[in-house]
Amino acid sequence: MAQKALVLYDFTAEPGNNELTVREGETITVTNQSVGGGWIEAQNSRGQTGLVPEDYLQLNSAGAASSYPDAFSTAAASNTHSQIANGVDPWSVGGAYKTDKAGGWDTQGYTQTQQGGGEDDDDDDGEWDEEWDDQSSVGGYAADPPGEEEGGATGRNTHAPSMKISLNKFPFSKTPNPEVFLLAKLPPRGKDRLPVYPGEVGPVWLYPQNPLDCAVADPKKGSKMYGLKSYIEYQVIPTTTSRPVNHRYKHFDWLYERLLEKFGSAIPIPCLPDKQVTGRFEEEFIRMRMERLQAWMSRMCRHPVVSNSDVFQLFLTYRDEKEWKAGKRTAEKDETVGPMIFSVIDPEGPDLDPAEVEHKCEQYSKFTRSMDDGVKDLLNVGHTHWKRCTGPLPKEYQRIGKAFLNLSAVFNTSGYQGETTLTDALTAAGKIYEEIAQIVAEQPKKDLHHLLETNNEYKGILGCFPDTIAVHKAAIEKVKEGDKLVTAGKISSQEKTTMTKRISTMSYSLQAEMNHFHSNRIYDYNRVMQLYLEEQIKFYELIAEKLRQALGQFTTL
């Protein structure tokens, strides 16, 4: 007897991707449970056959295979199935999985994505493809929720099937414990030494003589599983080698997870552009994603610490599958992650007083909070202006133009000789106002787009600073407790001295990072404001030229 399955969530098939649209509560017939990658081939009551995410189904057989990745324990899987059976959303806080990420902007009018939505992407299997790596390695996808298979949809909100979820995660469920650095016995410092030098504005990272950059280009559609699943692959071309390497979105996601795990305690690592449930193969979405991946990669390239790291260089310059696999495993076994990243930071300067460390930390925390508010305000204003420029404002110009054309048509019915020049001028004015309407509607893409994208980038960076600064604040509190810990016999006087010296190292790191942030902020906002105002000037000059054309149609009496 064919195995039946109950549909737990709505799933909308992506056109041309061999998927089957199903609805919550529907019963379908399983025709092939061995497709792999978290997918099941099934047939609905209308005889239509296609792929459905396994996690969207409740199989009626006790022997049904689970789609949970190997990294999930049997207990976790059972707990999730129990939650589903009891009507608890396993994606919510308190469920089996929890996600968190700063919001982003979609490709249609910059609609802000709120935290905790539901989404999927064309290439989020939760595992690397066999052509990239074997299935035994422990990678950045080990903790990804099940159901993020390529081409599927993980939106759990049945009332909003096109809703997006932000799946990029900060790997720490709470502030990382700085004691692992403050009191740890550190290994000998090797080639990973990260010097901090005194600069004109204070502590600075060591910047390379030849800055790195890369191009993200040439998106192409590929497929796997004998053509059943599709994905988009991009070329990444670093300036150092000019040799392209190919990456899919989930490879960028793996890099993001590695950088976040390694540097997140010291360096804010902004999130990747959001994933999307539908339309992921549409030209506009691919173009927008490529643009945002380009911006993210360029920002990472501009950071002297991140860009010089082994994992980032691997991503840009691997030569073959063997080198990729070896580098990937090495990156995933890296021990200098979390607060231990401070163990390789080597400041050139005297130890700082803990009171000065605390003052700097509070100063930067206050600034980043204030700038975050300012950036969000500009985004809200810009979003409102975008909607007005693409909605009511062009319609106003269209109505004016139509009114001129109507009046010209009325004048033409008078039969009065000698008014042809006037009616022709009115007609020309009406058409020019219709042209102006089109110019107004298209203008935000030329100027406001870049301003919003830059602010959205900074919104993401500023959203990371609270976690980074929290590590420093936790370390400050530990150092403050030093005398009590010595009195209680929990640490020695030498260990307290070591803690004071190491929090000084952390402060140098924070100051170097903030100076890097400020220098980039000044450069970026100078550049984007110049571009915005230049385009605004061109816009108003074009409008003025159009109006002069209309004026020239009328004779002077």
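(A) Structural context of the side chain of serine 507. Its place among the elements puts serine 507 in helix H13 (residues 493-552). Its relative accessible area of 3% is what places serine 507 among the buried residues. Excluding residues that lie within four positions of it along the chain, serine 507 makes contacts with Leu352, Val357 and His472.

(B) Spatial organisation of the environment of tyrosine 9. Within the secondary structure layout, tyrosine 9 lies in the loop between strand E1 (4-7) and strand E2 (27-36). Of the residues examined, tyrosine 9 reaches a relative accessible area of 9% and is grouped as buried.

(C) Region of interest: the packing of helix H4 (residues 283-302) against helix H6 (residues 310-317). Interhelical geometry of H4 versus H6 gives an angle of 130° and a closest axis separation of 12 Å. The pairing of H4 with H6 is recorded here as oblique in orientation. Along this stretch, H4 crosses H6, giving a crossing that reads as left-handed. Of H6, the residues touching H4 (which contributes Met297, Met300 and Cys301) are Phe312, Phe315 and Leu316. Of the residues contributing to the contact of H4 with H6, the split by class is 6 nonpolar, no polar and no charged.

(D) Structural context of the sheet that holds strand E11 (residues 345-347). Across the sheet, 3 strands lie side by side as E7-E6-E11; this open sheet has mixed pairing. At either end of the open sheet lies a strand with only one pairing partner, and these are strand E7 (202-205) and E11. For this sheet, the mean inter-axis angle between neighbouring strands, taken without regard to orientation, is 30°. Note that strand E6 (residues 194-199) and E11 share 3 bridges and pair parallel. Bridge pairing in E11 links leucine 194 to isoleucine 345. Each of E6, E7 and E11 touches H13; the most contacted strand, E7, lies at about 80° to it.

(E) Spotlight on the nonpolar core. Core analysis: the largest hydrophobic core is formed by 80 residues, its most contacted members being Phe252, Leu255, Leu259, Ile269, Met297 and Phe312. The greatest single-element share of this core, amounting to 12 residues, is contributed by helix H11 (residues 448-480). One finds Val7, Trp39, Ile40 and Leu57 within the second-largest nonpolar core, a separate group that totals 18 residues.

(F) A look at the packing of aromatic side chains. Per the stated rule, a full pass over the model turns up 15 aromatic pairs. Here the aromatic residues Tyr9, Phe11, Trp39 and Tyr56 are joined through ring pairs into a cluster of three or more. For the cation-ring pair, arginine 289 lies above tyrosine 249, with the distance from its terminal atom to the ring centre recorded as 4.0 Å. Here the guanidinium or amino end of arginine 502 rests over the ring plane of phenylalanine 181, the centre of that ring lying 5.6 Å away.

(G) Geometry of the pattern of salt bridges. Applying the stated criterion across every chain yields a total of 25 salt bridges. Note that lysine 538 is salt-bridged to glutamate 535, the shortest N-O span being 3.6 Å. Of this pair, lysine 538 and glutamate 535 both sit in helix H13, 3 residues apart, roughly one helical turn. Here the salt bridges share partners, and the residues they tie into one network are Arg299, Arg302, Glu457, Asp524 and Arg527.

(H) Structural detail: the side chain of histidine 472. Considering the arrangement of structural elements, one finds histidine 472 in helix H11. Setting aside residues no more than four positions away along its own chain, histidine 472 makes contact with Ser265, Phe342, Cys361, Met506, Ser507 and Leu510.

Parameters at a glance
- Residues numbered from 1 in each chain as written.
- Predicted model: local features only at pLDDT ≥ 70, side-chain atom pairs only at ≥ 80, totals over all residues.
- Heavy atoms only, no water.
- Helix = DSSP H or I, 4+ residues; strand = E, 2+ residues; numbered from the N terminus.
- Buried < 20%, exposed > 50% of the residue type's maximum accessible area, 1.4 Å probe, protein only.
- Contact = heavy atoms within 4.5 Å.
- Axes fitted to C-alpha atoms, helices over the stretch in contact; angles between N-to-C directions.
- Parallel < 35°, antiparallel > 145°, perpendicular 65-115°, else oblique.
- Left-handed = near helix turned anticlockwise from the far one by under 90°.
- Nonpolar A, V, L, I, M, F, W, Y, C, P; charged D, E, K, R; others polar.
- Pairing = 2+ DSSP bridges.
- Core = buried A, V, L, I, M, F, W, Y, C linked by side-chain atoms within 4.5 Å.
- Phe/Tyr/Trp six-rings, centres within 6.5 Å; stacked < 30°, edge-to-face > 60°.
- Lys NZ or Arg CZ within 6 Å of the ring centre and 35° of its normal.
- Salt bridge = Lys/Arg side-chain N within 4 Å of Asp/Glu carboxyl O.

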